[in-house]
Amino acid sequence: MLSLASSIARSLPTSAAASVVACTMRVGRGCRSATAARSLHRVAWHLVCERSCTSLGVRAPRLTPTAPAFPTSGTTATAPSLQLFAASASRCKTTTTNGNDGGKANKKSARKEKLMAERKEIQTELQHSGYYDDFGEYKKNKGKRSQAPTSLTLPSKAKRFPMIAGRDLAGNNVSLPAALEGKACLYLVNLRGIARPVLDAYREGLEPRIAHDITVFEVSVVERRVYQLMARLLERSLRNVVPSEQHTSMLVHCPSNAKQLREDLDVMNAMAAYVYLVDKNGLVRWKAHGPPSARELDSLNVLGDALLKE
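It should be emphasised that the depicted structure is a prediction, and the values quoted were computed from it without experimental measurement.

Asks: Now, about the overall build of the chain: what can you tell me, with residues and values included?
Replies: If you tally the helices and strands in the chain, you get 12 helices and 7 strands. The buried share among the 310 residues of the chain stands at 38%. Across the chain, contacts joining residues at least 24 apart in sequence account for 73% of those joining residues at least 6 apart. Entry remark: accessible area of the chain is about 18,400 Å², with carbon and sulfur atoms responsible for 55%.

Asks: Can you lay out the nonpolar core for me, pointing to particular residues and giving the numbers?
Replies: Core analysis: the biggest nonpolar cluster contains 22 residues, and Phe161, Leu176, Tyr187, Val189, Phe217 and Tyr276 have the highest contact counts within it. Breaking this core down by element, the ones donating at least two residues are strand S2 (173–176), strand S3 (185–190), strand S4 (215–221), helix H11 (258–265) and strand S6 (273–278). When sequence neighbours within four positions are dropped, the list of residues in contact with Tyr276 reads Phe161, Cys185, Leu186, Tyr187, Val189, Leu265, Val284, Trp286 and Lys287. If you look at the next biggest cluster of nonpolar residues, it comprises 21 residues, including Leu186, Ala288, Leu300 and Leu307.

Asks: Describe in detail the sheet that holds S4, supporting the description with residues and values.
Replies: Read across the sheet, 7 strands follow the order S2-S1-S5-S4-S3-S6-S7 without closing on themselves; strand pairing throughout is mixed. The sheet is open, and its two edges are formed by S2 and strand S7 (284–289), each paired on a single side. Averaged over neighbouring strand pairs, the angle between their axes works out to 30° when direction is ignored. Judged from the 6 bridges that link them, S3 and S4 form a sheet pairing that is parallel. Looking at S4, one finds that Leu186 is bridged to Val216.

Scoring rules and cut-offs
Residues numbered from 1 in each chain as written. Predicted model: local features only at pLDDT ≥ 70, side-chain atom pairs only at ≥ 80, totals over all residues. Heavy atoms only, no water. Helix = DSSP H or I, 4+ residues; strand = E, 2+ residues; numbered from the N terminus. Buried < 20%, exposed > 50% of the residue type's maximum accessible area, 1.4 Å probe, protein only. Contact = heavy atoms within 4.5 Å. Areas by Shrake-Rupley, 256 points an atom, 1.4 Å probe, with all protein chains shown as cover. Core = buried A, V, L, I, M, F, W, Y, C linked by side-chain atoms within 4.5 Å. Pairing = 2+ DSSP bridges. Axes fitted to C-alpha atoms, helices over the stretch in contact; angles between N-to-C directions.

Pasting the structure below:
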């Protein structure tokens, strides 16, 4: 009995080992029956189970397994094998991992990986799109890099205004520049709402005679997918701030390829305002960006008049 207790005690914490030794001593002094010995064996086995479960990180079984027969005399008793139980507990742990708990852990891990991937994608998009550079430049000079030219671009060297489709604030589907073919137009384009007051400065800088004869059309470009899903909400908010007489001349455009549209419009800073004088053939003959200077407003009126006379 005492040899069994000593063998088990070496595998257990100090407090558990002390309990096994004390119990063995009492049983050895008071009872020599095989039933008592088996009871002691089961108690010791349960303690070994708890010790092994703790080391493996799994829950200990509620029921104490029945130990093999325990000889009382003539042979030497050996302690239950920790290695055998460890292998059994490992199989139990693997089964649990592959079961409900494992499924929950896998789902949680998948959600975490997806969240990290989305966060990295947004960060990469901000870095590659030049958002921080655009914002820094806008704070300094409203995105103004240079003055607009004082003459019209020759038709042979002019770029065609890109195809832009969407809904105007009156709810009509519009495709530009096809809808205004045969007319000289002034396109006011913004990629961020912060540029709209600058576009108003160009609109208000037109002389009444030029403003009467030339077609002015404003385009609000919505680049990001998440905002494109809320395009109708944006249209509704614009209707509340844009005068009703301009509802048929303002378009909300959600491009499928925002990068290509930027290249076609020669956008250098997404926060700046962009203005294009387009002739009746859809060719961009003059363009400006950023807040208008007095010289640029003069050029806009002079060149707009020249474009109307072509």
